[in-house]
Amino acid sequence: MSSSPSTSSRFSTLSHDVDLLPGKPPILHTEATGDTAGWAGEHRDALRAVVAEHGSVLVRGLGLRDPDTTGAVFRRLTHGLMADKESFAPRRTYSDGVYSSSKWPPNQQMCMHHELSYALEFPALMLFACLDAPAEGGATAVADATDVLDALPAELTGRFEREGWLLTRTYNDEIGASVAEAFGTDDRAAVENYCRTHAIEFTWQPDGGLCTRQRRSAVVHHPVTGRRCWFNQIAFLNEWTMDPEVHEYLVDVYGPDGLPFNTRFGGGDPIGEDVVRLINEVYEAHTVREPWQTGDLMLVDNVRTAHSREPFEGPREVLAALGDPVRLADCSPTVEVAAS
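Structural notes, computed from the coordinates.

### Some remarks on unusual backbone geometry
1) Next: Although it is not a glycine, leucine 116 adopts a positive phi angle of roughly 60°.
2) Next: Locating leucine 116 in the fold gives a position in the loop between strand S6 (110-113) and strand S7 (121-132).
3) Next: For leucine 116, a relative accessible area of 3% translates into the label buried.
4) Next: A positive phi angle, near 55°, is found at alanine 199, a position not held by glycine.
5) Next: For alanine 199, the position within the fold is in the loop between helix H8 (188-197) and strand S11 (201-204).

So this is what it looks like as structure tokens:
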């Protein structure tokens, strides 16, 4: 009786089938099976090896159509899923650890970022599945964080390495994630305890709103390879990345210090519009993209690879999961943070 193929031979087969084309992420073509979760479990190590080599992989042909099957596939491919805490935009929860993509206006770009890069614990692996592809646009594009770091001016990255970056947030019930959506509770004592244990400064406003500040490293080292990575959401969550009309409205209503989120240099100095534009231009120069097709699966190394969501038209349903939690402390951060 012949033995089943080894992990190394399966990896060799998958690697042979991965298309590496200019301007696109690695794409693996396969065929749907009756047991998609079983296929994921059988090929887990091989798929993760492709991600370790290339930073991401788009799997086409699995025919994912429903949240239950997708959740089962996500769980087979990871060592564990984590809850989405400190989110900046609401998500729908399908099951434990399985979410909709962040609710964001379809006509606005979600710029390159690393999921939860402002948290003390974040996913090492992001998983996405397209259950309904949009009529136009809406790709989840990716960019290599080491290449981006190398392409940015050394003077700028040097300052961010020394100072880190500062995320400021103002929570309300109108814009962005509410306190309950971000922290999983609206109980003040529980929210305050979370902030203290996660190195987040907080202030309650007279109207009951919450303001927070957290300082994090802009450059980290990959927990497995040790590669230096530009790992943050400096440009995405900055006021100058907002749609100009939205920015004008928010400043008019909430004031310049009341924006739902904004970023600064770690020492507190504002980040100029020119700096934000430069970061986004470097991201774009290193972006690869492939339009979603219904049934697609995508795995992304969240530390090595930034991802974005491009504007789209028509319905779009992409599920997301945050896999394999890793601590910031295990990524050789350049800025020390102290949680109480």
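### Focus: the pattern of salt bridges
1) Next: Under the defined criterion, the tally for this structure stands at 18 salt bridges.
2) Next: Between glutamate 115 and arginine 91 there is a salt bridge, and its shortest N-O distance comes to 2.6 Å. With glutamate 115 in the loop between S6 and S7 and arginine 91 in the loop between helix H4 (67-77) and strand S4 (93-95), this residue pair connects regions lying 24 residues apart in the sequence.
3) Next: The exposure class assigned to glutamate 115 is buried, which follows from its relative accessible area of 5%.
4) Next: On the basis of relative accessible area, arginine 91 is assigned to the buried category, the value being 16%.
5) Next: In this structure, the salt-bridge partner of glutamate 192 is arginine 196, at a minimum N-O distance of 3.6 Å. Linking glutamate 192 with arginine 196, this pair stays in helix H8, spanning four residues, or about one helical turn.
6) Next: Here glutamate 192 falls in the buried class, since its relative accessible area comes to 19%.
7) Next: Since its relative accessible area comes to 41%, arginine 196 is described here as partly exposed.
8) Next: By sharing partners, the salt bridges in this structure join Lys24, Arg60, Glu290 and Asp296 into a single network.

### Considering the sheet that holds strand S10 (residues 165-171)
1) Next: Reading across from one edge, S11-S12-S10-S15 is the order of the four strands in this open sheet, with antiparallel pairing throughout. The open sheet is flanked by S11 and strand S15 (261-265), the only strands paired with a single partner. Across this sheet, the average inter-strand angle for adjacent strands is 15°, counted without regard to direction.
2) Next: As judged from the seven bridges shared by S10 and strand S12 (residues 210-216), these two strands associate in the antiparallel manner. Its bridge partner being in S12, tryptophan 165 is matched across the sheet by arginine 216.
3) Next: Sheet contacts for helix H6 (residues 154-163): S10, S12 and S15; angle to S15, the most-contacted strand, approximately 100°.
4) Next: Those strands touched by H8 are S11 and S12, and its axis lies near 155° from that of S11.

Rules used in this analysis
Residues numbered from 1 in each chain as written. Predicted model: local features only at pLDDT ≥ 70, side-chain atom pairs only at ≥ 80, totals over all residues. Heavy atoms only, no water. Helix = DSSP H or I, 4+ residues; strand = E, 2+ residues; numbered from the N terminus. Buried < 20%, exposed > 50% of the residue type's maximum accessible area, 1.4 Å probe, protein only. Salt bridge = Lys/Arg side-chain N within 4 Å of Asp/Glu carboxyl O. Pairing = 2+ DSSP bridges. Axes fitted to C-alpha atoms, helices over the stretch in contact; angles between N-to-C directions. Contact = heavy atoms within 4.5 Å.

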